Amino acid sequence: MRIAGFRDRMLSGAPLAGTFMKTPDVQILEVLVSSGLDFVCLDAEHSPFDRGALDACCAVARACDFPVLIRVGDGSPREILHALDYGAVGVVVPHVDSAEKAREVARAGRFGVGGRGYAGSTRWAGYATRPMADVLEQSRTETVVIAQIEEPAGVEAVEEIAATDGIDGLFVGPADLSVSYGQTAIGGAELDAAMKRVGAAARAEGCACISFVPDAEKAADWAKDYGISVFFVASEHNWIRAGASAVAQGVHAIKSGG
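Scope of this entry: the structure provided in the associated data block. Just so you know, the residues in each chain are numbered from 1, in the order the chain's sequence is written. Residues qualify for local features only when their pLDDT is at least 70, as the model is predicted, and side-chain atom pairs are given and counted only at 80 or more; totals for whole chains, interfaces and linings, by contrast, use all residues. Note that the side-chain values use all heavy atoms of the structure and ignore hydrogens as well as water.

**Some words on the nonpolar core**
If you look at soluble globular proteins, the nonpolar side chains tend to sit buried side by side. Core analysis: the biggest nonpolar cluster contains 60 residues, and Leu29, Leu42, Ile70 and Leu170 have the highest contact counts within it. In this view, Leu170 contacts Ala147, Ile149, Val158, Ile161, Ala162, Val198, Ala201, Ala202, Ala208, Cys209 and Ile210; residues no more than four positions away in its chain are not counted. By size, the runner-up hydrophobic cluster in this structure holds 17 residues, among which are Met10, Leu16, Val89 and Ala208. Put simply, buried Ala, Val, Leu, Ile, Met, Phe, Trp, Tyr and Cys residues joined by side-chain atoms within 4.5 Å make one nonpolar core. For every residue, the accessible area obtained with a 1.4 Å probe (protein chains only) is divided by the maximum for its type, and the residue is called buried under 20%, exposed over 50%, and partly exposed between those limits. Two residues qualify as a contact provided that any one of their heavy atoms is within 4.5 Å of a heavy atom in the partner residue.

Listed below in structure tokens is the structure:
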């Protein structure tokens, strides 16, 4: 029951490894499902995923009982509704920089007045095979809503964002924050302070603390320094290129005639 248990695992503080998937292709997802990762996030913000590709990938993920998140293009109710109806276990919402936006995002991810519209005939709901009460309970216990904190304004409002009912995780964006603080590479005193503040806010409210990292070594450092427990490690692009580069370098190092 990997999908059903994902939210509880995320909130428990257990270290979870995932990645951003940038290629809208079900075969790539199938390979990643077999890798031992805990989840994959389909990146619909910065990659060419259309509705058909998102739907197909979520169908494969549900069939494999594998947790898939979708980073939506924006925090609109329409984008969030589509992602969850496809069968994603949750959404990662960019640019949540105020408590008001956090409330809007949380509402869009939950059923109720002004929130997610109810439809029983979706993949996520079992295509009209399950009672409404069961589907509503699944939403309460399974659905994950993650707010990205990637602007200084979001850092300043992070305690209120973390305290928003329906926000399950805070994703601190090191690249966007570094750019916002005037840096040309990830790092700096302001980023360090921001990540510590986001980590403290997450712990205070029982949210998961989440970030992007390039590798497992950085994940270990940031787990210790900031309390991050959920890691979006690189992407399949990075891993394909790294593997191909290593092979090319090895072959090119062969001495001619050897």
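**Brief notes about the sheet that holds strand 6 (residues 169-172)**
For two strands to be treated as a pair, DSSP must find no fewer than two bridges joining them. Think of it this way: any DSSP run of H or I at least four residues long counts as a helix, any run of E at least two long counts as a strand, and we number them from the N terminus. Reading around the circumference, 1-2-3-4-5-6-7-8 is the order of the eight strands in this closed barrel, with parallel pairing throughout. For this sheet, the mean angle separating the axes of adjacent strands, direction not counted, is 25°. Here strand 1 (residues 16-21) pairs with strand 8 (residues 230-235) via four bridges, running parallel. Across the sheet, the residue bridging to Phe20 is Ser235, located in strand 8. Of the strands in this sheet, strand 1, strand 2 (39-43) and strand 3 (68-71) are in contact with helix 3 (residues 51-63), which crosses strand 3 at around 160°. Each axis is a line fitted through C-alpha atoms, taken for helices only over the stretch in contact, and angles between the N-to-C directions span 0 to 180 degrees. Helix 4 (residues 77-86) rests against strand 3 and strand 4 (90-93) of the sheet, and its axis sits at about 150° to strand 4.

**A short note on the pattern of salt bridges**
Salt bridge criterion: a side-chain nitrogen from Lys or Arg within 4 Å of a carboxyl oxygen from Asp or Glu. Enumeration over the complete set of coordinates arrives at 15 salt bridges. Here Arg197 and Glu159 are joined by a salt bridge, their closest N and O atoms 2.9 Å apart. With Arg197 in helix 10 (residues 189-205) and Glu159 in helix 8 (residues 158-162), this residue pair connects regions lying 38 residues apart in the sequence. Under the relative-accessibility criterion, Arg197 is labelled partly exposed at 27%. Overlapping salt bridges bring together Lys22, Asp43, Glu45 and Arg71 as one network.

**Observations regarding the packing of helix 10 against helix 11 (residues 216-226)**
What describes two packed helices is the angle between their axes and the distance between those same axes. Relative orientation of the contacting elements helix 10 and helix 11 amounts to 70°, with a least axis distance of 9 Å. As the angle between them shows, helix 10 and helix 11 are arranged roughly perpendicular. Two secondary-structure elements touch here, helix 10 through Asp192, Met195, Lys196, Gly199 and Arg203 and helix 11 through Trp222, Asp225 and Tyr226. In this count, Pro and Cys sit with the nonpolar residues alongside Ala, Val, Leu, Ile, Met, Phe, Trp and Tyr, while Asp, Glu, Lys and Arg are called charged and the others, Gly among them, polar. A breakdown of the residues in the contact of helix 10 with helix 11 according to their chemical character gives three nonpolar, one polar and four charged. In these notes the angle categories are as follows: under 35 degrees is roughly parallel, over 145 is roughly antiparallel, 65 to 115 is roughly perpendicular, and the rest is oblique.

**So, a nonpolar patch on the surface**
Excluding any residue in a salt bridge, patches collect residues exceeding 30% relative accessible area, merging like charges within 9 Å and nonpolar Val, Leu, Ile, Met, Phe, Trp and Tyr side chains within 5 Å. Shrake-Rupley sampling with a 1.4 Å probe provides the accessible areas, and residues are treated as covered by the protein chains on show and by no other component. On the surface, Tyr118, Met132 and Leu136 cluster together to form a nonpolar patch covering roughly 270 Å² of accessible area. When you line up the elements, Leu136 lands in helix 6 (residues 132-142). Given a relative accessible area of 35%, Leu136 falls into the partly exposed group.

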